[in-house]
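Summary of the model geometry
For reference, the chains in residue letters:
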Amino acid sequence: MSIQQGTLRPDVGAEDHARGPDDAPVTLVEYGDFQCPHCARAHRVLPKVLKRLGSRVRFVFRHFPLAESHPDAVHAAEASESVAAQAGEEAFWRMHDLMYDHQADSDDSLDDAHLVRYAEQAGADPATVALDLGANAYEEKVKSSFMSGVRSGVNGTPTFFINGTRFEGEWTNASAFIDALEEAAE
Amino acid sequence: MPDDSKMLKAGTPAPDFTLPVTPDQQITLSEFRGRPVILAFYPADWSPVCGDQLALYNEILSEFHKHHAELLAISVDGAWCHGAYASQRKLHFPLLADFEPKGEVARRYGIYRAHEGTAGRALFVIDAEGVIRWSYLSPAGVNPGADGILEALESLDAGAHAAGRGASA
């Protein structure tokens, strides 16, 4: 049987968290885990990369929490969805940034108490986020994002897709990453 | 791309083997006849890419089990090394020791890397009758993910259903 591997599915759609113009020539999708140190590192590289591409890139974040390795990652992803549902996409991205910025503060920096605090800073009602976490209100949504990653060939976190194809290059090096995106933009 | 010319391909009966899974337990491939088996050869315990690959499979074991498939991971590391690695990474599937004679099973599947002295990063999906239905050799530094495995398992399911309908008609 012939099998195509490393191809994004489903395509980016209205359900996704996206920053940048819908008609940008490059769509960069990250499958990430808020408790993954490599993802936090990517979070520090990405602003430089996205700034260089400007309006030519749309950045999409999908959840890929590795629950066996990172016990707080699933709740972190669910908290970001709760924030998005309550307070909108801008708040989602504030929450996303806050979790990565504080990830390494301490061992418990992504426990539920901290997540609720970041949610409040991001502009959501902390009590609602706490209730949503307790009720696993966004468990299915996060799980479905994770499975889309598995089916797309995500092979660890972070995994990036440039215009639908898994990026095998060095994302830790901003200039190599920029080159790959520039090439896709042409 | 790596040289996969010697790798056993789809349609080949999977060579049977018996390998240690712990210092006093062994696993034989043919014991799993009747359901699919995924063989994941990888270069070494503790190397970072392998860690990610096995960690990923550990997260999605339930998806493999939906197809009644068994995952067996194989490297040339010894059973004691596997034991330490599996316990530290909390892996919930067997790691087989292709340790003595070193790499013998990897050689029979055509994916031994003699220069490095390790197995290549190769995947085999074997059907319920013990025939290889899909194989893939990844570049050593690239974690192949799980999309290929799941798609292969789905085609096996589809094939089995079609065969079942044929037999009953």
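Relevant structure appears above.
I will try to describe carefully the structure that is included in this document. Computed from a prediction, not measured in an experiment: that's the story for all the values here.

What counts and what doesn't
- Every residue gets a number counted from 1 within its own chain, in the order that chain's sequence is written.
- Whichever chain is written first is A, and whichever ligand is written first is 1; the rest continue in order.
- A pLDDT threshold of at least 70 governs which residues receive local features in this predicted model, and a stricter bar of 80 or more applies before side-chain atom pairs are shown or counted, although totals over entire chains, interfaces and linings include all residues.
- Two strands are counted as paired when DSSP detects at least two bridges linking them.
- Helix and strand definitions follow DSSP, with helices as H or I runs of at least four residues and strands as E runs of at least two, each counted in order from the N terminus.
- Only the stretch in contact is used when fitting a helix axis, every axis being a line fitted to C-alpha atoms; angles between N-to-C directions are given from 0 to 180 degrees.
- In this scheme, a crossing is called left-handed if the near helix is turned counterclockwise away from the far one by less than a right angle; it is called right-handed if the turn is clockwise.
- Remark: residues whose backbone-derived C-beta atoms lie within 7 Å of one another are considered to be in contact.
- Residues were grouped as follows: Ala, Val, Leu, Ile, Met, Phe, Trp, Tyr, Cys and Pro as nonpolar; Asp, Glu, Lys and Arg as charged; and all remaining residues, including Gly, as polar.
- The burial criterion counts other C-beta atoms lying within 10 Å of a residue's C-beta, which is placed from the backbone; the residue is buried at 20 or more, exposed at 12 or fewer, and partly exposed between these limits.
- Here is the rule for angles: anything less than 35 degrees is roughly parallel, anything more than 145 is roughly antiparallel, 65 through 115 is roughly perpendicular, and the remaining ranges are oblique.

Right, let's talk about the pairing of strand 2 (residues 25-28) of chain B for a bit. Residues and elements named next belong to chain B. Here strand 1 (residues 18-22) pairs with strand 2 via 4 bridges, running antiparallel. Note that in strand 2 the partner of L19 across the bridge is I27. Linking strand 1 back to strand 2 in an antiparallel pair, the connection comprises 2 residues.

Further remarks concern the packing of helix 1 (residues 37-53) of chain A against helix 7 (residues 174-185) of chain A. Residue and element names in this part refer to chain A. Close contact between helix 1 and helix 7 brings their axes to 10 Å; oriented N to C, the two are set at 35°. Handedness of the crossing formed by helix 1 with helix 7: right-handed. The residues of helix 7 that touch helix 1, namely those facing V45, K48, V49, R52 and L53, are A174, F177, I178, L181 and A185. Looking at side-chain class alone, the contact of helix 1 with helix 7 contains 8 nonpolar, no polar and 2 charged residues.

Next up on the list: the interface of chain A and chain B. Contact with chain A, which involves 16 residues of that partner, is made by 23 residues of chain B. Of the residues contributing to the side of chain A that touches chain B, the split by class is 6 nonpolar, 7 polar and 3 charged.

Residue and element names in this part refer to chain B. Burial runs high along strand 8 (residues 121-126): 6 of the 6 residues are buried. Both faces of strand 8 are covered, namely the face carrying R121, L123 and V125 and the face carrying A122, F124 and I126. The pairing of strand 8 with strand 9 (residues 132-138) spans 6 bridges and is antiparallel. Along strand 9, the bridge assignment pairs V125 with W134. Hairpin remark: strand 8 followed by strand 9, antiparallel, with 5 residues in the connecting loop; positive phi at G130, about 85°.

Okay, unusual backbone geometry next. A cis amide bond links R9 of chain A with the next residue in sequence, P10 of chain A, at an omega value of -5°. Within the secondary structure, P10 of chain A sits in the segment before strand 1 (17-19). Note the cis peptide between T157 of chain A and P158 of chain A, where omega equals -5°. Along the polypeptide, P158 of chain A turns up in the loop between helix 6 (139-152) and strand 4 (159-162). If you check the backbone angles, W46 of chain B has positive phi at about 75° while not being a glycine. Examined against the element boundaries, W46 of chain B turns out to sit in the loop between strand 3 (37-41) and helix 1 (48-59). Assessed through the 12 C-beta atoms surrounding it within 10 Å, W46 of chain B is described here as exposed. The phi dihedral of H68 of chain B falls on the positive side, at around 60°, and the residue is not glycine. For H68 of chain B, the location among the structural elements is in the loop between helix 2 (61-66) and strand 4 (70-75).

All names here are of chain A. Remark: helix 4 (residues 112-122) packs on helix 5 (residues 126-134), axes separated minimally by 8 Å, with the N-to-C direction vectors making an angle of 140°. Regarding the angle of helix 4 to helix 5, the classification is oblique. Considering the relative orientation of helix 4 and helix 5, their crossing is right-handed. On helix 5, the residues that touch D112, V116, A119 and E120 of helix 4 are P126, V129, A130 and L133. Partitioned by chemical class, the residues of the contact of helix 4 with helix 5 number 6 nonpolar, no polar and 2 charged.

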